[in-house]
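A closer look at the structure
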Amino acid sequence: QVQLVESGGGLVQAGGSLRLSCTASGRTFVIRAMGWFRQAPGNEREFVAAISRSGGSTNYVDSVKGRFTISRDNAKNTVYLQMNSLKAEDTAVYYCARANSQSVATLAASFDSWGQGTQVTVSS
């Protein structure tokens, strides 16, 4: 079973940047698409970004386009989320997830393994 561990969260001022990392154990990491979701208090878990197995295809929720970048390093079993120009509304727990296919997915039901989450807090 794949285990996912996120890191890189923290407290940042509005306009600042953070880079989240998600490291996976297990050989199946390199053959699956990966994604990031987030959940703010009182809200549903929301899709943020996803990347295909090769890294050649990505997808983002409209609210983060142009500010967030998802990438992966298959040699390191790691996926990243670079977050720039952060806003107070980006405050949430961010979760890394592994898709059940090689292609980019956006629905939570398309992901079968989840990390424990890392808190991102943006002060205004």
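Everything quoted here is computed from the prediction, not taken from an experiment.

Looking now at the overall build of the protein. Counting its regular elements, the protein contains 0 helices and 11 strands. Going from N to C terminus, the protein has its helices and strands arranged as β-β-β-β-β-β-β-β-β-β-β. The C-alpha radius of gyration of the protein comes to 13 Å, within 12% of the 14 Å expected for a compact globule of 124 residues. The principal-axis extents of the C-alpha atoms in the protein amount to approximately 40 × 25 × 25 Å. The buried share of the protein, taken over its 124 residues, is 44%.

Time to look at the nonpolar core. Counting residues in each nonpolar core, the largest one holds 35 residues, and the members touching the most others are Trp 36, Leu 81, Met 83 and Tyr 94. Mapped by element, the contributors of at least two residues to this core are β3 (18-25), β4 (34-39), β5 (46-51), β7 (68-73), β8 (78-83), β9 (92-99) and β11 (118-123).

Okay, the state of the cysteines next. Evaluated as defined, the whole model comprises 1 disulfide. Between the sulfur atoms of Cys 22 and its disulfide mate Cys 96 the distance is 2.0 Å. Every disulfide takes its handedness from the sign of the S-S torsion; for Cys 22 and Cys 96 that torsion is -75°, giving left-handed. Of this pair, Cys 22 sits in strand β3 while Cys 96 sits in strand β9; the two residues are 74 residues apart in sequence, bridging distant segments of the chain.

Under the counting rule described, the total for this entry stands at 6 salt bridges. Residue Arg 32 is joined to Asp 112 by a salt bridge in which the shortest nitrogen-to-oxygen separation is 3.1 Å. Residue Arg 32 is found in the loop between β3 and β4, and its partner Asp 112 is found in strand β10 (residues 111-114); the two are separated by 80 residues along the sequence. Put simply, Asp 90 and Arg 38 hold a salt bridge, and the shortest N to O gap is 3.0 Å. With Asp 90 in the loop between β8 and β9 and Arg 38 in strand β4, this pair connects stretches of sequence that are 52 residues apart.

How each quantity is defined
Residues numbered from 1 in each chain as written. Predicted model: local features only at pLDDT ≥ 70, side-chain atom pairs only at ≥ 80, totals over all residues. Heavy atoms only, no water. Helix = DSSP H or I, 4+ residues; strand = E, 2+ residues; numbered from the N terminus. Rg over C-alpha atoms; globule rule 2.2 N^0.38 Å. Buried < 20%, exposed > 50% of the residue type's maximum accessible area, 1.4 Å probe, protein only. Core = buried A, V, L, I, M, F, W, Y, C linked by side-chain atoms within 4.5 Å. Disulfide = S-S within 2.5 Å. Salt bridge = Lys/Arg side-chain N within 4 Å of Asp/Glu carboxyl O.

Limitation: the analysis is restricted to geometry and does not speak to function.
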